[in-house]
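# Examining the three-dimensional arrangement
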Number of protein chains: 2
Amino acid sequence: MKILIVEDEHKTGDYLRQGLSEAGFVVDLARDGIDGMHLALTGEYDLLVLDVMLPGIDGWGILQAVRRAEQDIPILFLTARDRVEDRVQGLEMGADDYLIKPFAFSELLARIRSLARRGKSKPIENLYIADLELDIIKRRVTRSGQRIDLTAKEFSLLELLLRRRGEVLSRSLIASQVWDMNFDSDTNVIDVAVRRLRAKVDEAYEPKLIRTVRGMGYVIEVDEV
Amino acid sequence: MKILIVEDEHKTGDYLRQGLSEAGFVVDLARDGIDGMHLALTGEYDLLVLDVMLPGIDGWGILQAVRRAEQDIPILFLTARDRVEDRVQGLEMGADDYLIKPFAFSELLARIRSLARRGKSKPIENLYIADLELDIIKRRVTRSGQRIDLTAKEFSLLELLLRRRGEVLSRSLIASQVWDMNFDSDTNVIDVAVRRLRAKVDEAYEPKLIRTVRGMGYVIEVDEV
DNA sequence: ACAAAAATGTAATTTTGCTGTCATGTGTCT
DNA sequence: AGACACATGACAGCAAAATTACATTTTTGT
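In this text, all values refer to a predicted model and were calculated from it rather than measured experimentally.

### Details of the protein's contact with DNA strand D
In the region of DNA strand D, 25 residues are neighbours, and T212 and G215 of chain A together with R195, R198 and G215 of chain B sit closest. Across the atoms of DNA strand D situated within 4 Å of the protein, the share located in sugar and phosphate is 77%. A distance of 3.2 Å is found between a phosphate oxygen of DNA strand D and a side-chain nitrogen or oxygen belonging to R195 of chain A. In the model, a phosphate oxygen of DNA strand D is placed 2.6 Å from a nitrogen or oxygen of the T212 of chain A side chain. Elements that contribute at least two residues to the surface near DNA strand D include exactly α8 (189–201) and β11 (210–213) of chain A together with α7 (189–201) and β11 (210–213) of chain B. In terms of residue class, the surface near DNA strand D is built from 7 nonpolar, 6 polar and 12 charged.

What follows is the structure, encoded as structure tokens:
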């Protein structure tokens, strides 16, 4: 399994290369768009991880070049948080997945494995439960039609809960997916984050969706006692 | 389900081997990193439990060797509280898991079961008897379709009984699996716990499923007298 | 580049409800 | 009957989670 990363930010690039190597992948790293595109077009890679913002040719450019060369290789985009249009456009042009910076490494790994396994074309659908809806691409949340503004952490916490709705998620799992924390540090960030999320998503509505399972963790579900 | 433990500390190693055997796993135990790595690479195991500190090759070394051999077997690390933080960048942590020593045996068991599930991606593992159903992943119990809320202890007690349905389980076995104690006889926690579980699971239903075997322990079974 | 504002993390305090202990009741065996 | 094993209910201690306030970091707007 050979992966090409195109990322100009040194810190992120090195971090990715090292992490993915340790995870058992063969990794090449290009620091700018032109190198990146040339390497990508050699056709040696099983997967591309592209930053959108690049010197030379940007992520889309590489994507177009690769697709024009009729290569069917899966592509994962790294994009900045605010630029919604980028994501929409990127996906329309044939990216297979995207991640918003900053991201938890474990999340990246999970997406990469999933792409590697299933190949491309993972349909990205919206998540919902009861009258709560979450538009992944636009990063928008509504409950009974009303728009709710969530911060980055709140959003990815909710996203995780929803992706695994009905499952009780332990704090350590949540910590590893939403924060990039390794070991059980004695912090209560998660409790506080859940509190904040509840205030926005549950407080003014019925039924309550986020449930605490004492000693276990949190679930999102419709409680059908 | 075959597990390899690599642990040089004799006490911990034996404790793990015995506990996991009692829990119904097939267990091998290696006392140093070199033996451990060789055994691990035979590919016979479904899960590894590795101490990080080992004579010969340490836990990380074994991890790398295994990953280089392209084996996708889940790994659970045991680590001491003080060292760690710097050494581990949390890479791979999304895929695998860790525990900090000293740990509760029941905690270990829970992690192992969760890892085993992920590794195999096998269909949903539900336990049931008569009209009583227990969904491990969702941590949800129903009897004749009705949802029953159980506390942590109640849940793991019921889980144990169900995994061994039809077997009479002694108090000391129950104590070692559900509580992390060496059974000192002048406590009746288990009796009380069974009582509470019965109140929720048996009291309002027929037939009664949890049976007391005087002088022996408890069983869960459909009584065919 | 700076200050203001928002997001996020930390810490202290209150609330909640699980869980172990104990006292007592009930059935069972010799 | 007496001894024993288990059942049951009450209760208090305590750990987990909720909540609040505050500190710190990050983002935003000028």
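### Topic: the domain arrangement of chain A
Residue and element names in this part refer to chain A. Looking at chain A, the domain boundaries give domain 1 (2–118) and domain 2 (127–220). Centre-to-centre separation of domain 1 and domain 2, based on C-alpha positions: 28 Å. Every contact between the two is made by 14 residues of domain 1 and, on the other side, 11 residues of domain 2. Summed over both sides, the interface of domain 1 with domain 2 buries roughly 900 Å², with 48% coming from carbon and sulfur. Here domain 1 is connected to domain 2 by 1 salt bridge.

### Digging into the sheet that holds β11 of chain A
Residues and elements named next belong to chain A. An order of β10-β12-β11 is seen for the 3 strands of this open sheet, with the pairing classed as antiparallel. With one partner strand each, in any of the chains shown, β10 (169–170) and β11 form the two edges of the open sheet. Taken strand by strand, α8 contacts β11 and β12 (217–220), and its axis lies near 150° from that of β11.

### Here we look at the layout of surface pockets
Residues and elements named next belong to chain A. Size it by volume and the second largest pocket reaches roughly 470 Å³. Around the second largest pocket sit 22 residues that line it, and P102, F103, A104, S156 and V178 are the ones nearest its centre. Breaking the lining of the second largest pocket down by element, the ones donating at least two residues are β5 (97–100), α5 (105–118), α6 (152–163) and α7 (171–178). Of the residues belonging to the lining of the second largest pocket, the class tally is 11 nonpolar, 2 polar and 9 charged. Here the lining of the second largest pocket spans two domains, since at least three of its residues come from each of domain 1 (2–118) and domain 2 (127–220).

### Examining the protein's contact with DNA strand C
Among the 20 residues in the neighbourhood of DNA strand C, the closest are listed as T151 and R196 of chain A together with T151, T187 and R196 of chain B. Measuring from a base oxygen of DNA strand C, one finds a side-chain N or O atom of R196 of chain A at 2.4 Å. For DNA strand C, a phosphate oxygen lies 2.5 Å from a polar atom in the side chain of T151 of chain B. Contributions of two or more residues to the surface near DNA strand C are made by α6 and α8 of chain A together with α5 (152–163) and α7 of chain B.

### Section: helix α1 (residues 10–22) of chain B
Given 3.6 residues per helical turn, the α-helix brings residues three or four places apart onto the same face. The end-to-end C-alpha separation of α1 of chain B is 18 Å, in line with the 18 Å expected for 13 residues at 1.5 Å each. In the stretch just after α1 of chain B, G24 of chain B is the one whose phi turns positive, near 100°.

### Describing the packing of aromatic side chains
Applying the stated criterion across every chain yields a total of 1 aromatic pair over all chains. For the ring pair Y15 of chain B and F105 of chain B, a centre distance of 5.8 Å and an interplane angle of 65° mean the geometry is edge-to-face. Pair noted here: Y15 of chain B is in helix α1 and F105 of chain B is in helix α4 (residues 105–120), with a separation of 90 residues, a long-range link. The ring of Y128 of chain A has R165 of chain A sitting right over it, with the charged end atom 5.3 Å from the ring centre. Residue placement shows K2 of chain B over the ring face of Y45 of chain B; its charged tip is 5.3 Å from the ring centre.

### Remarks on the packing of helix α2 (residues 33–41) of chain B against helix α3 (residues 59–68) of chain B
In helix packing, the relevant descriptors are the interaxial angle and the interaxial distance, both defined with respect to the helix axes. All names here are of chain B. The N-to-C vectors of α2 and α3 enclose an angle of 20°; their axes lie 10 Å apart at closest approach. Relative to α3, the element α2 lies roughly parallel. In this structure, α2 crosses over α3, and the sense of that crossing is right-handed. On the side of α2, the interface is formed by G33, G36, M37, A40 and L41, while α3 contributes I62, A65 and V66. Tallied by class, the residues present in the contact of α2 with α3 amount to 6 nonpolar, 2 polar and no charged.

### Quick notes on the sheet that holds strand β9 (residues 146–148) of chain A
Residues and elements named next belong to chain A. Pairing within the open sheet is antiparallel, and its 4 strands lie in the order β6-β7-β8-β9. Of all the strands in the sheet, just β6 (127–129) and β9 have a single pairing partner and so form its edges. Averaged over all adjacent pairs, the angle separating strand axes in this sheet is 20°, with direction ignored. Pairing of strand β8 (residues 140–143) with β9, which is carried by 3 bridges, proceeds in the antiparallel orientation. Within β9, the residue paired with R143 across the bridge is Q146. Lying on the sheet, α6 is in contact with β6, β7 (132–135) and β8; it crosses β7 at an angle near 110°.

### Considering the packing of α6 of chain A against α7 of chain A
All names here are of chain A. Closest axis-to-axis distance for the α6/α7 pair is 10 Å, and the angle between their directions is 125°. Of the possible angle classes, the one that applies to α6 and α7 is oblique. Relative to α7, α6 is oriented so that their crossing is right-handed. The segment α6 lies against α7, with K153, S156, L157 and L160 engaging I174, Q177 and V178. Here the contact of α6 with α7 is composed, by residue class, of 4 nonpolar, 2 polar and 1 charged.

The rules we used
Residues numbered from 1 in each chain as written. Chains lettered and ligands numbered in written order. Predicted model: local features only at pLDDT ≥ 70, side-chain atom pairs only at ≥ 80, totals over all residues. Heavy atoms only, no water. Near = heavy atom within 4 Å. Polar contact = N/O pair within 3.5 Å; in protein donor to acceptor, adjacent residues only side chain to side chain. Helix = DSSP H or I, 4+ residues; strand = E, 2+ residues; numbered from the N terminus. Nonpolar A, V, L, I, M, F, W, Y, C, P; charged D, E, K, R; others polar. Domains from an automatic or database assignment. Contact = heavy atoms within 4.5 Å. Buried area = accessible area lost by both parts, 1.4 Å probe. Salt bridge = Lys/Arg side-chain N within 4 Å of Asp/Glu carboxyl O. Pairing = 2+ DSSP bridges. Axes fitted to C-alpha atoms, helices over the stretch in contact; angles between N-to-C directions. 1 Å grid on protein atoms, 1.4 Å probe; cavity = no way out; pocket = protein on both sides within 12 Å on 5 of 7 lines; lining within 4 Å. Points joined across faces, edges and corners; volume = space filled by probe spheres on them. Expected span 1.5 Å × (residues − 1). Phe/Tyr/Trp six-rings, centres within 6.5 Å; stacked < 30°, edge-to-face > 60°. Lys NZ or Arg CZ within 6 Å of the ring centre and 35° of its normal. Parallel < 35°, antiparallel > 145°, perpendicular 65-115°, else oblique. Left-handed = near helix turned anticlockwise from the far one by under 90°.

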